[in-house]
Amino acid sequence: MKKTTSEPQVNTLEAVIVLLAVLGIMSLGVIGFGLSPQVPVLLAMGVVTAWAMLRGFPWTAVNAGIKEGIDKGIVPIFIFILIGAMISTWIAAGTIPTLMVIGFKIINIQWFLPSVFIVCTLVGAAVGSAFTVTSTVGIAFFGMGVTMNLNPALVAGAIISGGIFGDKLSPLSETNNLASAVVDTDLFTHIKHILWSTLPAGVISLGLFAILGHSNTSTSLAKIDQMVAVLNGHFSISALSLLPIVLVFICAGFKMPAIPTMLLNIFVSAGLILFEQPSLSMTKLAAIINTGFVSKTGNTSVDTLLSRGGIVSMMSMVALIVVTLSLGGLLVKFGLINQIMTPVAKHLNSDGKLILAGILTCIGVNVFVGEQFLSIILPGRAFRQAFTDGGLAGNALGRVLEDGGTVINYLVPWGVGGVFLATTLGVPTVQYLPFAFFSLLCPVISVISGFTGVGVAHLKHASDSRLVHDGMVATEVQGN
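Residues numbered from 1 in each chain as written. Predicted model: local features only at pLDDT ≥ 70, side-chain atom pairs only at ≥ 80, totals over all residues. Heavy atoms only, no water.

**Focus: the overall build of the protein chain**
The helix and strand inventory of the protein chain stands at 25 helices and two strands. For 480 residues, the compact-globule formula gives about 23 Å, and the C-alpha radius of gyration of the protein chain, at 23 Å, lands near that figure. Seen through its principal axes, the protein chain has C-alpha atoms that stretch 80 × 50 × 40 Å. Out of the 480 residues belonging to the protein chain, those deemed buried represent 56%. (Helix = DSSP H or I, 4+ residues; strand = E, 2+ residues; numbered from the N terminus. Rg over C-alpha atoms; globule rule 2.2 N^0.38 Å. Buried < 20%, exposed > 50% of the residue type's maximum accessible area, 1.4 Å probe, protein only.)

In structure tokens, the structure reads:
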């Protein structure tokens, strides 16, 4: 009796054609026609599904690919829902307005952009999330920058760059933990090694923001004073309003996971709202949490900046995560990603080529799939043995996954990170992209490091590659 394979085999050329079709659909829809990314990604998913059915893949494989893809995003989906609730309660409780007022008073106006970059870096390192930084203190800084007549895209670039830089320095970062787990490296060893690219990128970014920010001469102090007066007149501006952000730092100090931290923060913020507005009904409080805060100060700038948040505001993001993870799951299930990545990884014969190929692959996954976690997981699996065979330690691959995967997702217009930041700050991804210096610099510095050998971790002995292959821990030493 003859055995039959249940699923057809896909060749490299076929995989390239399908992936190019996916990229073409998404880039034409989002960049060419300016569509919301959910629709082009859904269309791409439909095309991949139709191709799979024509090629003879069973419907059970399609179902399995979708389920396996979405499974990776359940926790991020819930986190985004909580972020929406946290934004609206922070505004209603006066936390973000208070941060804006304090910021106007203490931040050097002439050095506004570098000040924003530094503060966002510090907050990001404390909370371990560029998303949280952008959606809390980032909104406050963005409002300040707009009031000062600074280029909104440039202000967004400073906020985003600082938030991502801090994220990469934090042991609480989900992507740091994921990348170190994928390459089987100790978390703090992983963070120490990625400093070879993150620190230079951070320092250069700070210098660029100092140059660009200091050259602005159109600041209107009268407009700033007017906004401060509006904020003082319509929001609770007090030290008590800062309790939620203090709570975030306390939870970070105790290394509390993101979900319980956010739930506790929303609960405390809701309590503050009721304390500051005793007459507010539970129905209206629930509406703030669910549909977002609506500012009614009469000042157009303030109302535009502070009418946001709520669970409902995150639903488009949730939809994007679901469809991108589903698409990614299908591409993995049908072998389209690995069919291209794995053969390439086996034919790289130098540190520089390995690192360059790894960076480009991570960027490619971001562009094709648009999901941050998959841009770490898929290249990590594909390149692990190639890095080991080339004498490179797990740390080297971990840095590649961060510099080509994590930080680039924020620059992809249909990527989860790119859409979230664009939605939160109101600046399209393609507009802030040129000013997201940290994300742009990290992969460049990483590739330079690979070809120069500076800061590249190698296995101590050639025989260690066999140990890694067998699942044992290899000794690693730092390259020159």
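Next comes the rest of the account.
**Some words on helix 10 (residues 174-182)**
Every α-helix carries 3.6 residues per turn, so stepping three or four residues along brings you back to the same face. Looking only at helix 10, the buried set comprises T175, N176, L178, A179, S180 and V182. Of the residues flanking the end of helix 10, it is D184, one or two places downstream, whose phi is positive at about 55 degrees.

**Observations concerning a nonpolar patch on the surface**
A contiguous nonpolar patch, built from L240, L243, V246, I250, F254 and F275 and spanning about 620 Å² of accessible area, is present on the exposed surface. If one sorts the elements of the nonpolar patch by residue count, helix 13 (residues 243-253) sits on top with three residues. Within the fold, F275 resides in helix 14 (residues 258-276). (Patch = residues over 30% accessible without salt bridge, like charges linked within 9 Å, V, L, I, M, F, W, Y side chains within 5 Å. Areas by Shrake-Rupley, 256 points an atom, 1.4 Å probe, with all protein chains shown as cover. Salt bridge = Lys/Arg side-chain N within 4 Å of Asp/Glu carboxyl O.)

**Examining unusual backbone geometry**
For N149, which is not glycine, the phi torsion reads 65 degrees and is therefore positive. Note on placement: N149 falls in the loop between helix 8 (137-147) and helix 9 (152-169). Of the residues examined, N149 reaches a relative accessible area of 37% and is grouped as partly exposed. For D184, which is not glycine, the phi torsion reads 55 degrees and is therefore positive. You can see D184 is positioned in the loop between helix 10 and helix 11 (187-214). With a relative accessible area of 56%, D184 lands in the exposed category.

**A few points about the pattern of salt bridges**
This structure, assessed with the given rule, holds four salt bridges. A salt bridge links E68 to K333, with the nearest nitrogen and oxygen atoms 3.8 Å apart. Separated by 265 residues along the polypeptide, E68 in helix 3 (residues 59-71) and K333 in helix 17 (residues 315-333) bring together distant segments of the chain. Residue classification places E68 among the partly exposed residues on the basis of a relative accessible area of 42%. A salt bridge links K168 to E402; the shortest N-O distance between them is 2.9 Å. Taken together, the residues span a long stretch of sequence, with K168 in helix 9 and E402 in helix 21 (residues 394-406) at a distance of 234 residues. Accessibility classification places K168 together with E402 in one group, the buried group. In this structure, a network of salt bridges that share partners links the residues D167, K168 and E402.

**Here we look at the confidence of the model for the protein chain**
Mean pLDDT for the protein chain: 83, with 91% of residues reaching 70 or above. Per-element confidence in the protein chain is highest for helix 15 (residues 282-291), whose mean pLDDT is 95, and lowest for helix 25 (residues 464-469), whose mean pLDDT is 42. Below a pLDDT of 50 lies the segment residues 462-480, which in the model reaches 37 contacts outside its immediate sequence neighbourhood of four places, other chains included. (pLDDT = per-residue confidence, 0-100. Contact = heavy atoms within 4.5 Å.)

**As for the packing of helix 19 (residues 351-369) against helix 21**
Helix packing geometry: the angle between the two helix axes and the distance between the axes. Put simply, helix 19 and helix 21 touch, their axes get as near as 7 Å, and they point 40 degrees apart. Looking at the two axes, helix 19 sits oblique to helix 21. For helix 19 against helix 21, the interelement crossing comes out right-handed. Between helix 19, through I355, G358, I359, C362, I363 and N366, and helix 21, the contact on the second element is made entirely by V400, L401, D403, G404 and G405. Among the residues making up the contact of helix 19 with helix 21, the classes are represented as six nonpolar, four polar and one charged. (Axes fitted to C-alpha atoms, helices over the stretch in contact; angles between N-to-C directions. Parallel < 35°, antiparallel > 145°, perpendicular 65-115°, else oblique. Left-handed = near helix turned anticlockwise from the far one by under 90°. Nonpolar A, V, L, I, M, F, W, Y, C, P; charged D, E, K, R; others polar.)

**Overview of the side chain of T134**
By the element assignment, T134 lies in helix 7 (residues 130-135). Note on T134: relative accessible area 1%, which makes it buried. Polar contacts involving the side chain of T134 include one to the main-chain carbonyl oxygen of A130, which spans 2.9 Å. (Polar contact = N/O pair within 3.5 Å; in protein donor to acceptor, adjacent residues only side chain to side chain.)

**Details of the nonpolar core**
Nonpolar side chains tend toward joint burial in soluble globular proteins. Judged by nonpolar contacts, the single largest core of 145 residues is most densely connected at F80, F112, L306, L327, F334, L336 and F387. If one sorts the elements of this core by residue count, helix 4 (residues 74-92) sits on top with eleven residues. Discounting residues that sit within four places of it in the chain, L306 has contacts with I91, I96, P97, M100, I139, L231, F235, F293 and S295. (Core = buried A, V, L, I, M, F, W, Y, C linked by side-chain atoms within 4.5 Å.)

**With respect to the packing of aromatic side chains**
Applying the stated criterion across every chain yields a total of twelve aromatic pairs. The interplanar angle of 20 degrees and the centroid separation of 6.0 Å between the aromatic rings of F117 and F165 together place this pair among those described as stacked. On the criterion of sequence distance, the pair formed by F117 in helix 6 (residues 112-127) and F165 in helix 9 is long-range, its members being 48 residues apart. With a relative accessible area of 8%, F165 lands in the buried category. Plain terms: the ring middles of F435 and F437 are 6.3 Å apart, the flat faces sit at 85 degrees to each other, and that makes the pair edge-to-face. Within the aromatic cluster, the residues linked to one another by ring pairs are F117, F165, F209, F435, F437 and F438. (Phe/Tyr/Trp six-rings, centres within 6.5 Å; stacked < 30°, edge-to-face > 60°.)

**Examining the packing of helix 10 against helix 20 (residues 372-389)**
Interaxial distance between helix 10 and helix 20 falls to 10 Å at its minimum, and their mutual angle equals 15 degrees. Taken together, helix 10 and helix 20 sit at an angle that is classed as roughly parallel. Our pair here, helix 10 against helix 20, has a crossing hand that is right-handed. From helix 10, E174, T175, L178, A179 and V182 reach across to helix 20, where they touch Q372, F373, I376, I377, G380 and R384. Counted by class, the contact of helix 10 with helix 20 contains six nonpolar, three polar and two charged residues.

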